[in-house]
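Chain by chain, the residues:
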Amino acid sequence: MSTSIDTLTGETVDLLQALIRNQCVNDGTPESGHEVRSAELLRNELEGFGVDFELFETEPGRVSLVARYEGTDPDAPDLCLCAHTDVVPANPDGWTNDPFGGELITSPDGVDEVWGRGAVDMLNLTSSMLVAFREVIRTGKRYPGDIVYFAVADEEAGSVLGAKQLLADHWDVLHCDYVISEYGGTPSFGDNGTTVLLTTSEKHSGARRITVHGTPSHGSMSYATDNALIKASEIVRRIAAAELTPRLDDVFAARVGALGLDPEIQKQLLDPAHIADALAALPPALASNLHSCSHMTINPNTIHSGEKLNTVPDTAVLELDIRMLPGQTQQDVDRLLPEIIGPDLMPSVEIEWYRDDLTNGFGVSSTESPLWDALGDAIRVAYPEATVMPSLVTGGTDCRFYRERGIPAYGAGLLSDKVPLSEFLSRFHGNDERIDVDSLRLTTQLFLDVFDRLWR
Ligand SMILES: [Zn+2]
């Protein structure tokens, strides 16, 4: 017998609170994360239901869990629910409530919300996926394909100790044909009806390290020095001033259309000649997201130069965080940077790849797939007339490791009408991260409805 959605939502809330309180904070060092806490918690949640699971430890404490519920037909495609258990750090000073309290709080306008780091990225999905997965097992329902629940470590620092390594080493355990992961499912209600965005692609890195050369000299004289730091500063200034060409494709247009903006602003955002003015007129957090979704971005984020106060430095090293749109290549970066740096300064610089495993992207998951159709139909259970549109995520997700293998991977969930897209985006890695209980209910139900529709 199936459990009522209210009971399941209660289970999702409890589990989300416990995952937040586990504080699996990934600061980028191998010693952080401690995802073993949440892997063991999730194992305990599944124990006794007769499902196969396995734990994998890539470094001490960096534990991921894989559980597989077998289908009835070995030839049917398998679905993986890929959910990370780590979160980024949170500074309590910027928060209204304890970032690791996992408290259930009713807002002044009567909305019940679970507060804490990870509430939208992505412990909300990690918990609702587990509850939906377990509900299938509990009811004894069998589908043709397997359902895999993959609670993975180290997503927030490049996935080296998580999905990247585990998928490479244990494909025999993790194999699947479709993937749902973070994030998507914000409905917007405009003149053209309801639109829900799901993620089908993400940006990829073109990070570079630039070494700027100069000539050392005595710090007591500044006239006509060949100071590497001054040259590097000029390069930083030119990068900041560079206006890169926007790419205003259908995916971008869908995002713009989903925001419920003034029609004139929408028109400007989709016009290369006016997008800059339109962005300047929007709230900064929203403008920043829209800019990133339509441009390659270059952020000069570190600089190191000089050894001694009384010596003009002969080198400066500058690191650029560069993020490309799907389809843009490392060669595009190699062409662009010399143009920005300029012929006068290029002879003084060397440009290197920041890491040697940079790619030309991970591909875009096509919307021509049974899983896309199942997600669309399942979303229309909650929002009957909704149009489901593909979208881009500006950061990285574990979907890329599946897309590289040609496996359709979508970022999906389903949110209530209480969180506008712009507000939702601001909570990622932000202060006062929280999720309303209605959204947890919709997302838990979404996964159950997807199971019922995928293998029809
Ligand atoms: Zn995430």
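Everything discussed here concerns the structure shown above.
Treat the numbers as computed from the prediction; the structure is a model and nothing was measured.

Colleague: Pulling in residues and values, what's your account of the coordination of the zinc ion?
Modeller: For the zinc ion, the protein coordination sphere consists of H84 (NE2), D121 (OD), E182 (OE) and E182 (OE), at 1.8 to 2.5 Å. Between the four donor atoms coordinating the zinc ion, the angles at the centre fall across 57 to 151°, so the site counts as irregular. Sequence positions of the residues that donate to the zinc ion give the spacing H-x36-D-x60-E. Separated by 61 residues along the polypeptide, D121 in the loop between β5 (112-115) and α3 (123-139) and E182 in the loop between β7 (178-181) and β8 (184-190) bring together distant segments of the chain. Take D121 and E182: they sit in the same class, and that class is buried.

Colleague: A description of the sheet that holds strand β19 (residues 434-436) should follow, citing residues and the corresponding values.
Modeller: If you trace the three strands from one edge of the open sheet to the other, you get β4-β5-β19, paired in antiparallel fashion. Only two strands of the sheet have a single neighbouring strand rather than two, namely β4 (104-106) and β19. The average undirected angle you get between the axes of adjacent strands in this sheet is 35°. Relative to β5, β4 is paired through three bridges, and the arrangement is antiparallel. Directly across from L104, in β5, lies its bridge partner V114. Across the sheet, helix α15 (residues 437-454) touches β4, β5 and β19, and the angle it forms with β19 is around 70°.

Colleague: So what's going on with the nonpolar core? Which residues, and what values?
Modeller: F133, Y149, I180, L269 and F451 are the most contacted members of the largest nonpolar core, which totals 94 residues. Residue-level mapping places this core at the junction of two domains, with at least three residues from each of domain 1 (5-191 + 362-454) and domain 2 (204-353). Non-local contacts of I180, meaning those with residues more than four positions away in its chain, are made with L79, C80, L81, C82, M129, L371, L375, Y410, A412, F447 and V450. The next biggest cluster of nonpolar side chains, apart from the first, holds 21 residues, and it includes I210, A228, I235 and L244.

Colleague: For empty space enclosed by the protein, give the residues involved together with the corresponding values.
Modeller: Across all of its chains, the model carries two cavities of 30 Å³ or more by this definition. Each pocket or cavity is described by its volume, and for the largest cavity that value is around 70 Å³. For the largest cavity, the lining is made up of 14 residues, of which N124, L125, G413, L415 and T443 are closest to its centre. Ranked by residue count, the leading element in the lining of the largest cavity is α15, at three residues. In terms of residue class, the lining of the largest cavity is made up of nine nonpolar, five polar and no charged. In terms of lining residues, the second largest cavity is bounded by Y183, G184, G185, T186, L197, L198, T199, R255, S391, L421 and L425. Of the residues in the lining of the second largest cavity, the class split is five nonpolar, five polar and one charged.

Cut-offs used in this document
Residues numbered from 1 in each chain as written. Predicted model: local features only at pLDDT ≥ 70, side-chain atom pairs only at ≥ 80, totals over all residues. Heavy atoms only, no water. Donors = N, O, S within 2.8 Å, 3.2 Å for Na, K, Ca; no water. Tetrahedral: all angles 85-135°; square planar, octahedral: opposite > 155°, others 65-115°. Helix = DSSP H or I, 4+ residues; strand = E, 2+ residues; numbered from the N terminus. Buried < 20%, exposed > 50% of the residue type's maximum accessible area, 1.4 Å probe, protein only. Pairing = 2+ DSSP bridges. Axes fitted to C-alpha atoms, helices over the stretch in contact; angles between N-to-C directions. Contact = heavy atoms within 4.5 Å. Core = buried A, V, L, I, M, F, W, Y, C linked by side-chain atoms within 4.5 Å. Domains from an automatic or database assignment. 1 Å grid on protein atoms, 1.4 Å probe; cavity = no way out; pocket = protein on both sides within 12 Å on 5 of 7 lines; lining within 4 Å. Points joined across faces, edges and corners; volume = space filled by probe spheres on them. Nonpolar A, V, L, I, M, F, W, Y, C, P; charged D, E, K, R; others polar.

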